[in-house]
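Survey of secondary and tertiary structure
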Amino acid sequence: MAYETLQDFLTALEKAGELRRITPLVDPRLEVAEIADRVSKAPTRDGQYPAAGRAPFGPPQPQFGTGACNQALLFEHIQGSSIPLAINTLGSYQRLQMALGCGSFDELAARIAELARPELPKGLRDKVRRGWDLLKLAGYAPKVRSGAALCQQVVRTDDADLNQLPVIQCWPADGGRYITFGQMVTEHPETHVRNMGMYRAQVFDKTLTAMHWHRHHDGARHFRAWAKLGRPCPLAIVLGGESVLPYAATAPLPAGMDEHIFAGFLLGRGLDLVRCKTIPLDVPVHAEIVIEGWVDPVETILEGPFGDHTGFYSLADRYPVYRVSAITHRKNPVYPTTIVGKPPQEDYYLGKATERIFLPLLQMLIPDIIDYDLPMFGVFHNCAVVKIRKEYPYHARKVIHAIWGAGQMAWTKLVIVVDEHVDVHNLDAVLFYVAANVDPRRDTFIAEGPLDILDHAAPAEGAGSKMGIDATRKWPGEGTVRDWPQEITMDAATVALVTKRWKEYGF
Ligand SMILES: [Mn+2]
């Protein structure tokens, strides 16, 4: 089972040995981030990935993670704030699975696949939409409750002050301090469809932040709908709550699909919501802290730079201004936060969960895909490795082009396709076939298209070239192909014999 509050989750983590308390006074500017970065790159307690001794990306730092293991951290004393801070809570497969209340991400993938199955659908869109409608009917829609709410035990309006929160600065060249782990709740002014996304908010003042979202984010779409009416967009920043919320807020749901319902699906029951004190929105009852306020329809502020998940700083730019009207919280709240930077960080595991959980939906779009992997070095948009059962010449190229047209997968800069017997999750195995099976002129190709907005190497922002590598065994009809040699493998009878006699040999 997933957990109702962040503090319930932290208690469970501590029981499982997955949480470390840090008691000395720590500076929220950089010091927290440096500790969290080392810990997120240290080996997990069960020896899971990343393997012990594996160096992080970037310049060598041999002292990295020494004596630490990858655990969630609870900082009890942060300079300038009386509120404890939790970080790296989701930064391993085990902790994220605990947060989602599942034994493996594949379990959730199977539940998603089930949603799309029983229909007689016309197209993928219908299928998915129908699936989501079923979610609502199945009782996963949120319910608004009246009465006392945990997240409103303390209400501050005139005395609301963001500086009382232990907001961190992540990296030295960052523009300032950022709220990084808030679930941002908005509602469309006309359709009243809710959205919950995770965007960063740079804190400028007691009651002033920037609202950082990109054009294609649902929150930005809602904001534009409000701005069109000439009205400020009410927005709540929800910190904590049910342990499934951070994942639900970051999952790549189709636009217009309410993350609150998806969170209910993950949780196994609808979320309980409560009406905010100063804005017309409903927020999860079990949140630690809720920031209420309005995004200005016109005014912008220079936001950034920000050390991003690409491993590089995103440049400063102008973003809408957010004015806080209230801060509500439970008595003795815990403030959750995260950092991004060179992987692995918490967001790596959130992305890996999506890779697994959304595989059935990707397969509905591109049935040729048997499995795929988004390797850590590719920070999600830079590289995908795909496995197919090759059935005709240039089959791999067809799949690569399909990926470049598939939702958020379309931003993938490098796509590598391998045959079905290759383990796509083993990077060395993949590179073996890239090196062995590829004639660079024949088997690589380049196309132009949209790219990740954060790709600093792209010649223009969000646009540039992509590369496909066909590392499958070549067939006649795929350019010049000589007789393809047989790959070496031992015959099954010998393998069985040696396995049977293994102990006899004295091993
Ligand atoms: Mn959304």
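Residues numbered from 1 in each chain as written. Predicted model: local features only at pLDDT ≥ 70, side-chain atom pairs only at ≥ 80, totals over all residues.

1. Some points on helix α11 (residues 395-403)
The following threshold applies: Exposed residues have 12 or fewer other C-beta atoms within 10 Å of their own C-beta, buried residues have 20 or more, and partly exposed residues fall in between, where C-beta atoms are placed from the backbone. Strands are runs of DSSP state E lasting at least two residues, helices are runs of H or I lasting at least four, and both sets are numbered from the N terminus onward. The arc in question is the one spanned by the directions pointing from the helix axis to the C-beta atoms. We call two residues in contact whenever the C-beta atoms placed from their backbones are within 7 Å.
Residues Ala396, Val399, Ile400 and Ile403 constitute the buried set of α11. Seen from one end, α11 has its buried residues packed into an arc of 100°, which puts them on one side. Where α11 is buried, its residues contact β19 (369-373), β20 (383-388), β21 (414-419) and β23 (463-470).

2. Thoughts on the sheet that holds strand β2 (residues 72-75)
Test applied: Note on pairing: DSSP must find at least two bridges between two strands before they are called paired. Orientation is described by axes fitted as lines to C-alpha atoms, over the contacting stretch for helices, and by angles from 0 to 180 degrees between their N-to-C directions.
Within the open sheet, the 4 strands sit side by side as β1-β2-β3-β18. Their pairing is mixed. The outermost strands of the open sheet, each flanked by one partner alone, are β1 (19-22) and β18 (335-336). The sheet contact formed by β1 and β2 spans 4 bridges and is parallel. Pairing of arginine 21 across the sheet is with leucine 74, part of β2. Sheet contacts for helix α1 (residues 6-15): β1, β2, β3 (85-87) and β18; angle to β1, the most-contacted strand, approximately 105°.

3. Concerning unusual backbone geometry
Each neighbour pair has its own omega, and for glycine 304 with proline 305 the value is -5°, a cis peptide bond. Tracing the backbone through its elements, the reader meets proline 305 in the loop between β14 (287-303) and β15 (306-307). In this chain, proline 343 is followed by proline 344 through a cis amide linkage whose omega measures 0°. Mapped onto the fold, proline 344 is located in the loop between β18 and α9 (346-357). Located in the positive-phi region is histidine 192, a residue other than glycine, with phi close to 60°. With respect to the helices, strands and loops of the structure, histidine 192 is situated in the loop between β7 (183-187) and β8 (194-198). Residue tyrosine 394 is not a glycine yet carries a positive backbone phi of 65°. Counting through the fold element by element, tyrosine 394 comes out in the loop between β20 and α11. Owing to 15 C-beta atoms within 10 Å, tyrosine 394 belongs among the partly exposed residues under this scheme.

4. Quick notes on the sheet that holds β20
With mixed pairing, the 5 strands of this open sheet are ordered in space as β19-β20-β21-β23-β22. Bordering the open sheet on either side are β19 and β22 (444-450), each of which pairs with just one other strand. Sheet twist, expressed as the mean angle between neighbouring strand axes with direction ignored, is 25°. Relative to β23, β21 runs parallel, the two sharing 4 bridges. Residue pairing in the sheet places valine 415 in a bridge with glycine 468 of β23. Contacts from helix α12 (residues 427-437) reach β20, β21 and β23 within the one sheet, and its direction differs from that of β21 by about 90°.

5. Points about the domain arrangement of the protein chain
Many authors give the size of an interface as the accessible area that is lost as the parts come together. For clarity, the threshold we go by: By convention here, the domain bounds are inherited from an automatic or database domain assignment. Classification used: nonpolar for Ala, Val, Leu, Ile, Met, Phe, Trp, Tyr, Cys and Pro, charged for Asp, Glu, Lys and Arg, polar for all others including Gly.
For the protein chain, the assigned domains are domain 1 (6-336) and domain 2 (366-470). Of note, the centres of domain 1 and domain 2, computed from C-alpha atoms alone, are 30 Å apart. Counting from both sides, the interface comprises 8 residues of domain 1 and, opposite them, 6 residues of domain 2. For the side of domain 1 that touches domain 2, the per-class residue count stands at 2 nonpolar, 5 polar and 1 charged.

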